[in-house]
Amino acid sequence: MKALLLILCVLSLGVARADTSVASPESTALFAASVWDTDGRPFALARLRGKPLLVNFWARWCGPCRQEIPELLALRHTHRGKLEVIGIGIEDKPEAVKEFARAYDMDYPVLLAKDKGIPLMQALGNTKAGLPFTLVIDRNGQVLSRKMGIMKKPDLDAAAEALLHR
């Protein structure tokens, strides 16, 4: 009986380890999507595969989105080169978003989802399509966490800790 339990434990540990290297369905949907940069050029999100990511969906008119921008910037500056912050605006006005990003000193990549934004957020687990919406994705494509609503400093610190120690 002890031998059987030991075998089951070992097998379950092996399965758990194997699962961490497989992208989750949500990140597969993300990496399959294309959005646009603030110059209106297409941007394939597959280019981000293999990097630790904090992907933040936002909009210029969203008050909580505006509130969390300074914290996202601080996180990026603290962990520059170790993880990447990506902002995906649920917008279709590249010039207005570019001007907004400049006014808020958003030095992380800012992309636009245009009319694909809400369906993409829903595919990523945000069924209510609320903003802001943030995904934490490790370099293997595993979604470590997702949050609808503002990410405060403790949330972002926990996200960075999870990304940097995987």
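All of these numbers come straight from a predicted model, not from anything done at the bench.

1. Some points on the overall build of the protein chain
Okay, step 1: On a plain count of helices and strands, the protein chain comes out with six helices and seven strands.
Okay, step 2: Ordered by position in the sequence, the α and β elements of the protein chain form the string α-α-β-β-β-α-β-α-β-α-β-β-α.
Okay, step 3: Out of the 166 residues belonging to the protein chain, those deemed buried represent 42%.
Okay, step 4: Considering only intrachain contacts with a sequence separation of at least 6, the fraction spanning at least 24 residues in the protein chain is 66%.
Okay, step 5: Carbon and sulfur atoms make up 58% of the accessible area of the protein chain, which totals about 8900 Å².

2. Structural notes on the nonpolar core
Generally speaking, a soluble globular protein has its nonpolar side chains buried in company with each other.
Okay, step 1: With 48 residues, the main nonpolar core has Leu30, Leu45, Leu54, Phe57 and Ile88 as its most contacted residues.
Okay, step 2: The contact partners of Leu30, leaving out residues within four places of it in the chain, are Leu45, Val55, Phe57, Ile88, Leu120, Leu124 and Ile137.

3. What to know about the packing of aromatic side chains
Okay, step 1: Counted under the stated rule, the structure contains three aromatic pairs.
Okay, step 2: Here the aromatic rings of Trp58 and Phe100 are separated by 5.3 Å at their centres, their planes lie at 25°, and the arrangement is stacked. One end of the pair, Trp58, is in strand S3 (residues 53-58); the other, Phe100, is in helix H4 (residues 94-103), and 42 residues separate them in sequence. Like Phe100, Trp58 is buried.
Okay, step 3: Between the aromatic rings of Phe100 and Tyr104, the centroid separation amounts to 4.3 Å while the plane-to-plane angle is 25°, which identifies the pairing as stacked.
Okay, step 4: Looking at Phe100, the relative accessible area reads 8%, which means it is buried.

4. Looking at the state of the cysteines
Okay, step 1: Per the counting criterion, the structure on display carries one disulfide.
Okay, step 2: Each sulfur in the disulfide pair Cys62 and Cys65 lies 2.4 Å from the other. On the sign convention where negative means left-handed, the S-S torsion of about 75° between Cys62 and Cys65 marks this disulfide as right-handed.
Okay, step 3: Its relative accessible area of 5% is what places Cys62 among the buried residues.

Scoring rules and cut-offs
- Residues numbered from 1 in each chain as written.
- Predicted model: local features only at pLDDT ≥ 70, side-chain atom pairs only at ≥ 80, totals over all residues.
- Heavy atoms only, no water.
- Helix = DSSP H or I, 4+ residues; strand = E, 2+ residues; numbered from the N terminus.
- Buried < 20%, exposed > 50% of the residue type's maximum accessible area, 1.4 Å probe, protein only.
- Contact = heavy atoms within 4.5 Å.
- Areas by Shrake-Rupley, 256 points an atom, 1.4 Å probe, with all protein chains shown as cover.
- Core = buried A, V, L, I, M, F, W, Y, C linked by side-chain atoms within 4.5 Å.
- Phe/Tyr/Trp six-rings, centres within 6.5 Å; stacked < 30°, edge-to-face > 60°.
- Disulfide = S-S within 2.5 Å.

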